[in-house]
Number of protein chains: 2
Amino acid sequence: MTSAPISSPAPLHADLLAQWMLREDVIFLNHGSFGAVPRTVLAEQDRWRHRLEAEPIELLGRRQPELIAAAKEPLGQFLHMRPQDFGLVTNATEGINAVLQSLRFSPGDELLTTNHVYNAVRQSMRHIATRQGASYREIPVATPVENGQRIARTIIDGLSDRTRLLVIDHITSPTALVFPVEPIAAACAARGVELLIDGAHAPGMLDLNVPATGATYYAGNLHKWACAPKGCAFLWVAPHRQADIHPCVISHNYGQGLAAEFVWQGTRDASAWLTLPAALQFMADLGWERIRYHNHALTVWAHAMLCERFAVSPLSPIDGQLLGATATVRLPDPLTHLTDDQAKALQQSLYTDHRIEVPLFGWQGAQHLRVSCQVYNRPADYHRLADVITAVARDL
Amino acid sequence: MTSAPISSPAPLHADLLAQWMLREDVIFLNHGSFGAVPRTVLAEQDRWRHRLEAEPIELLGRRQPELIAAAKEPLGQFLHMRPQDFGLVTNATEGINAVLQSLRFSPGDELLTTNHVYNAVRQSMRHIATRQGASYREIPVATPVENGQRIARTIIDGLSDRTRLLVIDHITSPTALVFPVEPIAAACAARGVELLIDGAHAPGMLDLNVPATGATYYAGNLHKWACAPKGCAFLWVAPHRQADIHPCVISHNYGQGLAAEFVWQGTRDASAWLTLPAALQFMADLGWERIRYHNHALTVWAHAMLCERFAVSPLSPIDGQLLGATATVRLPDPLTHLTDDQAKALQQSLYTDHRIEVPLFGWQGAQHLRVSCQVYNRPADYHRLADVITAVARDL
């Protein structure tokens, strides 16, 4: 395999890492798992928490609806969602659970997803299917994949007459592929199948118009690529399905409509939600177009460079047409043959001994790593990763 | 009605309010709704948040199980729970929803509670009953109540042959009564009825041994009377029922046992949970026995004083035998006849114009208020409340 002549992008600013809370002695290549928050955004959350604690009933009680509405407004503009069509939740998995627990399935109904599904969502789907006497199935989408059309065709061909709900990732977690959601949504609509998109990694990584995806339900995290504080996510529901969807925690506002129900899910620290506008503004000040260009270009470059250094085939085209701001690369021999426990130990060693944070995991019987590319990352980070991994592989 | 010669307790320390985050120009008589956090506890949460943001994967990923275990340990000791028998959740309502959503009811099964149920729990129970074709019923426990035996008798007599699950409050929200849970639990056990105790207000207010209540399920908040940061609560489940109970958010650890499942409920800010030991230590340093004695004595005194000043009959014996650290008192004429909207406006005015935070709400067709008594409260707070309320009533 020969890599294309791909170059890395120029950084947006000189020292962006210093604007994040991350340890500066660690090469942090895992923005994708839990995100990371800029210092000014955490400071804004601290201010909110102090305000909430000074006047808890006034703010969390009497003024909560208006405060949540104000927090939702810039998010709605950012992702083209009307305020009445979405609610804030703790994480995308919670949004997905809210949908799955709200739906009613009959024996014979099929809950369908792909083998790239996030494991927590797999567990949720299996639980609901078992509980309601429905069935659960995964469509195998083989890697390497050629292009998006091929992915869409495989998934659409995988629908059956019994499929009641299809769950697909917008960006897959283990394989870091951007799935072509629009043609899949169109096929689902034509066949009367509801589509739940797990957009855990999409907001801020992709130029996203949630309703335009054609999904029936869309859950996304804001603490990942929108850099909000942890515990900030949303669930969007198509208007014709809103009456049937409730939060995981049913509370006072039950039956008052989707937006009202999600405003109150029991007493909680609402500061992450209330800080969302500050996070979106921080990123907007850097420039969303520039951020997405930088992160994608860095990803395409890092992906190609790592495939070459590891002498492995890519899971998707080397031109990066299926990548966003994350890329999964097979580990070089012999590391790719490690057991899961050995890979876990290696991941800990990368952090403890080499100060590199990068996730390792098995995919189709071989160990892989996944790199994230956020604005604070630099090409040298990935060169260092390649150096350490190849040295470890050599010395094994 | 003549009040008993009840005196108010001496404060534990000179200026405890300054140790809390609450505005010092507000008389805060509503610890019961969302709790309030001491400054040093919030500072500890800030430290946790900074640590988590500096090493998100190391702490929230690889070390999360051990960190949660460490946070649970002092709570388990405090409430006599084994670590394997409980998990941390965001609030008691979430714990209750987890139980309700995990159980399976058949047509004909009855979900039973009392008319003192917290409205969010009422909504959850109705939702689950409707969805599963079961029925929902509330036992009327009339006020005024004479004693705990009478409450227990009324509830036990209210069980039917169809009752599958009884939900009772340990301390009721609208009426602030301590329900006698042990005899009720014994009767449920004898009749094969599962008992879910909503202990939202109990931890820290009562000297609580959770397993000794005899409940099948027990949910409690820690951000109320244990003064943990908001978003900190627990769900305890009797060992023989643990295999069937799952968190509201099913995730990676599904099927690995109660404690493991609750350790991971999707990405979230775990700092409130991790700060729990500091909150428990803060209160332990004040002395739990002294706190409970002070808060109860202040409640019994304030309850009697307000009933006398308002010239209203108490909902429970004036000796305070059914009170913990909160008390509900009927508003004086003509305020007790306000509509709900008028009462809402009066509550806002009490805050905005008189700097008093106290909840007003209807109970059995009459408007009431509920006072909370935490260590930072002083007798003068309740005198001022009585002065303002009687003045407003006079000028209406």
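What you see is a predicted model; the values in this text were computed from it and never measured.

Some thoughts on the overall build of chain A
Then comes step 1: When helices and strands are counted, chain A shows 14 helices and 12 strands.
Then comes step 2: Principal-axis analysis of the C-alpha atoms places the extent of chain A at approximately 60 × 55 × 35 Å.
Then comes step 3: Evaluated residue by residue, chain A yields a buried proportion of 66% over its 396 residues.
Then comes step 4: Put simply, 72% of the contacts in chain A that link residues at least 6 apart link residues at least 24 apart.
Then comes step 5: A total of about 13,400 Å² of accessible surface is found on chain A, and carbon and sulfur atoms cover 51% of it.
Then comes step 6: A gap of 2 Å separates the mean positions of the 33 positive and 38 negative side-chain charges of chain A.

Considering the domain arrangement of chain A
All names here are of chain A.
Then comes step 1: Assigned domains within chain A: domain 1 (16–29 + 287–395) and domain 2 (41–281).
Then comes step 2: For domain 1 and domain 2, the distance between their C-alpha centroids amounts to 27 Å.
Then comes step 3: Taken together, the contacts link 24 residues of domain 1 with 27 residues of domain 2.
Then comes step 4: Among the residues domain 1 hides against domain 2, the three largest losses belong to Trp288, Leu322 and Trp363. Together they make up 33% of the total.
Then comes step 5: Linking domain 1 with domain 2 are 1 salt bridge.
Then comes step 6: In this structure, the salt-bridge partner of aspartate 207 is arginine 292, at a minimum N-O distance of 3.7 Å.

Considering the interface of chain A and chain B
Then comes step 1: Contact residues are listed per partner, giving 62 residues for chain A and 61 residues for chain B.
Then comes step 2: Both sides of the chain A and chain B interface together cover about 5,600 Å² of buried area, and 53% of this is carbon and sulfur.
Then comes step 3: Among the residues of chain A in contact with chain B, Phe34, Glu53 and Arg131 of chain A are the three that bury the most area, contributing 14% of the side total.
Then comes step 4: Where chain A touches chain B, the interface holds 6 salt bridges.
Then comes step 5: Its salt-bridge partner being glutamate 53 of chain B, residue lysine 230 of chain A comes within 2.9 Å of it at the nearest N-O pair.
Then comes step 6: Put simply, chain A and chain B have 40 residue pairs in polar contact (both at pLDDT 80 or more) between them.
Then comes step 7: Looking at the side of chain A that touches chain B, its residues break down into 20 nonpolar, 28 polar and 14 charged.

So, helix α12 (residues 288–310) of chain A
A turn of α-helix holds 3.6 residues, and therefore any two residues three or four places apart point the same way.
Residues and elements named next belong to chain A.
Then comes step 1: Taking 1.5 Å per residue as the helical rise, α12 with its 23 residues ought to reach 33 Å, and the 32 Å between its terminal C-alpha atoms agrees with that figure.
Then comes step 2: Judged by how many residues are buried, α12 sits mostly within the fold: 17 of 23 residues are covered.
Then comes step 3: Within two residues after α12, alanine 311 carries a phi angle of roughly 55°, on the positive side.

Observations concerning the sheet that holds strand β2 (residues 86–89) of chain B
Residue and element names in this part refer to chain B.
Then comes step 1: A sheet is described by the order of its strands in space; here 7 strands give the open sequence β2-β8-β7-β6-β5-β3-β4, paired in mixed fashion. The two strands at the open ends of the sheet, each matched to only one other strand, are β2 and β4 (135–139). Here the strands of the sheet are splayed against their neighbours by 20° on average, with no regard to which way each runs.
Then comes step 2: Sheet analysis places β2 next to strand β8 (residues 233–237), joined by 4 bridges and oriented antiparallel. Looking across to β8, one finds that leucine 88 is bridged to phenylalanine 234.
Then comes step 3: On top of the sheet, helix α7 (residues 148–158) reaches β3 (110–114), β4 and β5 (163–169); it is set at about 155° to β4, its chief contact.
Then comes step 4: In the packing of helix α8 (residues 181–191) onto the sheet, contacts are made with β5 and β6 (194–199), and the angle to β5 comes to roughly 175°.

Structural notes on the nonpolar core
Then comes step 1: Trp20, Leu75 and Phe234 of chain A together with Trp20, Leu75 and Phe234 of chain B are the most contacted members of the largest nonpolar core, which totals 166 residues.
Then comes step 2: For leucine 75 of chain A, the contacting residues outside a window of four places in its chain are Met81, Phe86, Leu88, Leu222, Phe234, Leu276 and Leu280 of chain A.
Then comes step 3: Ranked by size, the runner-up nonpolar core spans 58 residues in total, among them Val167 and Leu196 of chain A together with Ala219 and Leu258 of chain B.

Let's talk about the relation of the copies chain A and chain B
Then comes step 1: At an RMSD of 0.0 Å, chain A and chain B line up after a rotation of 180° and a shift of 0.0 Å along the axis. With respect to symmetry, the two chain copies, as superposed, fit the operation of a two-fold axis. Identified as the residue of chain A closest to the rotation axis by C-alpha distance is cysteine 248 of chain A, at 2.9 Å.
Then comes step 2: In this assembly, 98% of the residues forming the interface of chain A have copies in chain B that are likewise at the interface, indicating an isologous arrangement.

What to know about the packing of helix α11 (residues 276–286) of chain B against helix α12 (residues 288–310) of chain B
Residue and element names in this part refer to chain B.
Then comes step 1: Axis separation between α11 and α12 bottoms out at 5 Å; the angle between their running directions is 75°. Judged by the angle between their axes, α11 and α12 are roughly perpendicular. Side by side, α11 and α12 meet where Leu280, Met283, Ala284 and Leu286 of the first sit next to Trp288, Arg290 and Ile291 of the second.

Quick word on the side chain of arginine 292 of chain B
Residue and element names in this part refer to chain B.
Then comes step 1: Note that arginine 292 resides in helix α12.
Then comes step 2: Using a relative accessible area of 16% as the deciding quantity, one classes arginine 292 as buried.
Then comes step 3: With residues up to four places along the chain from it excluded, the contact list for arginine 292 reads Phe78, Gly204, Met205, Leu206 and Asp207.

Looking at the environment of glycine 214 of chain B
All names here are of chain B.
Then comes step 1: By the element assignment, glycine 214 lies in the loop between β6 and β7 (217–221).
Then comes step 2: Residue classification places glycine 214 among the partly exposed residues on the basis of a relative accessible area of 39%.
Then comes step 3: C-alpha separation for the pair glycine 214 and alanine 185, spaced 29 residues apart in sequence, amounts to 5.3 Å.

Concerning empty space enclosed by the protein
Then comes step 1: Applying the stated rule across the entire model yields 6 cavities of 30 Å³ or more.
Then comes step 2: Lining the largest cavity are 18 residues; nearest its centre among them are Arg268 and Asp269 of chain A together with Thr90, Arg268 and Asp269 of chain B.
Then comes step 3: For the lining of the largest cavity, the secondary-structure elements that each account for two or more residues are α10 (271–274) of chain A together with α10 (271–274) of chain B.
Then comes step 4: Counted by class, the lining of the largest cavity contains 4 nonpolar, 8 polar and 6 charged residues.
Then comes step 5: Taken as a whole, the second largest cavity holds about 90 Å³ of empty space.
Then comes step 6: Contributing to the lining of the second largest cavity are 13 residues, with Thr93, Tyr118, Ala200, Asn221 and Lys224 of chain A lying nearest its centre.
Then comes step 7: With 3 residues, helix α5 (residues 92–102) of chain A is the single largest residue contributor to the lining of the second largest cavity.
Then comes step 8: Classifying every residue of the lining of the second largest cavity gives 5 nonpolar, 6 polar and 2 charged.

Details of unusual backbone geometry
Then comes step 1: Residues aspartate 333 of chain A and proline 334 of chain A are joined by a peptide bond in cis, for which omega reads -5°.
Then comes step 2: With respect to the helices and strands, the residue proline 334 of chain A is situated in the loop between β9 (326–330) and α13 (340–352).
Then comes step 3: Residues threonine 143 of chain B and proline 144 of chain B are joined by a peptide bond in cis, for which omega reads 0°.
Then comes step 4: Relative to the elements of secondary structure, proline 144 of chain B occurs in the loop between β4 and α7.

Remarks on the packing of helix α4 (residues 64–79) of chain B against α11 of chain B
Then comes step 1: Relative to each other, α4 of chain B and α11 of chain B sit at 35°, their axes nearing to 8 Å. Here Ala70, Ala71, Pro74, Leu75 and Phe78 of chain B of α4 of chain B lie close against α11 of chain B, whose contacting residues are Leu276, Pro277 and Leu280 of chain B.

What about the pattern of salt bridges?
All names here are of chain B.
Then comes step 1: The full count for this structure, using the stated rule, is 42 salt bridges over all chains.
Then comes step 2: Note that arginine 49 and aspartate 46 form a salt bridge whose closest N and O atoms lie 3.5 Å from each other. Taken as a pair, arginine 49 and aspartate 46 lie in helix α2 (residues 39–54) at a separation of 3 residues, close to a single helical turn. Aspartate 46 shares its class with arginine 49; the two are buried.

Brief notes about the confidence of the model for chain A
Then comes step 1: The share of residues in chain A with pLDDT of 70 or more is 99%, and the mean pLDDT across the chain is 97.
Then comes step 2: As a predicted assembly, this complex carries a pTM of 0.97 together with an ipTM value of 0.96.

Rules used throughout
- Residues numbered from 1 in each chain as written.
- Chains lettered and ligands numbered in written order.
- Predicted model: local features only at pLDDT ≥ 70, side-chain atom pairs only at ≥ 80, totals over all residues.
- Heavy atoms only, no water.
- Helix = DSSP H or I, 4+ residues; strand = E, 2+ residues; numbered from the N terminus.
- Buried < 20%, exposed > 50% of the residue type's maximum accessible area, 1.4 Å probe, protein only.
- Contact = heavy atoms within 4.5 Å.
- Areas by Shrake-Rupley, 256 points an atom, 1.4 Å probe, with all protein chains shown as cover.
- Lys, Arg positive; Asp, Glu negative; His and termini not counted.
- Charge placed at Lys NZ, Arg CZ, Asp CG, Glu CD.
- Domains from an automatic or database assignment.
- Buried area = accessible area lost by both parts, 1.4 Å probe.
- Salt bridge = Lys/Arg side-chain N within 4 Å of Asp/Glu carboxyl O.
- Polar contact = N/O pair within 3.5 Å; in protein donor to acceptor, adjacent residues only side chain to side chain.
- Nonpolar A, V, L, I, M, F, W, Y, C, P; charged D, E, K, R; others polar.
- Expected span 1.5 Å × (residues − 1).
- Pairing = 2+ DSSP bridges.
- Axes fitted to C-alpha atoms, helices over the stretch in contact; angles between N-to-C directions.
- Core = buried A, V, L, I, M, F, W, Y, C linked by side-chain atoms within 4.5 Å.
- Least-squares fit on C-alpha atoms with pLDDT ≥ 70 in both.
- Parallel < 35°, antiparallel > 145°, perpendicular 65-115°, else oblique.
- 1 Å grid on protein atoms, 1.4 Å probe; cavity = no way out; pocket = protein on both sides within 12 Å on 5 of 7 lines; lining within 4 Å.
- Points joined across faces, edges and corners; volume = space filled by probe spheres on them.
- pLDDT = per-residue confidence, 0-100.

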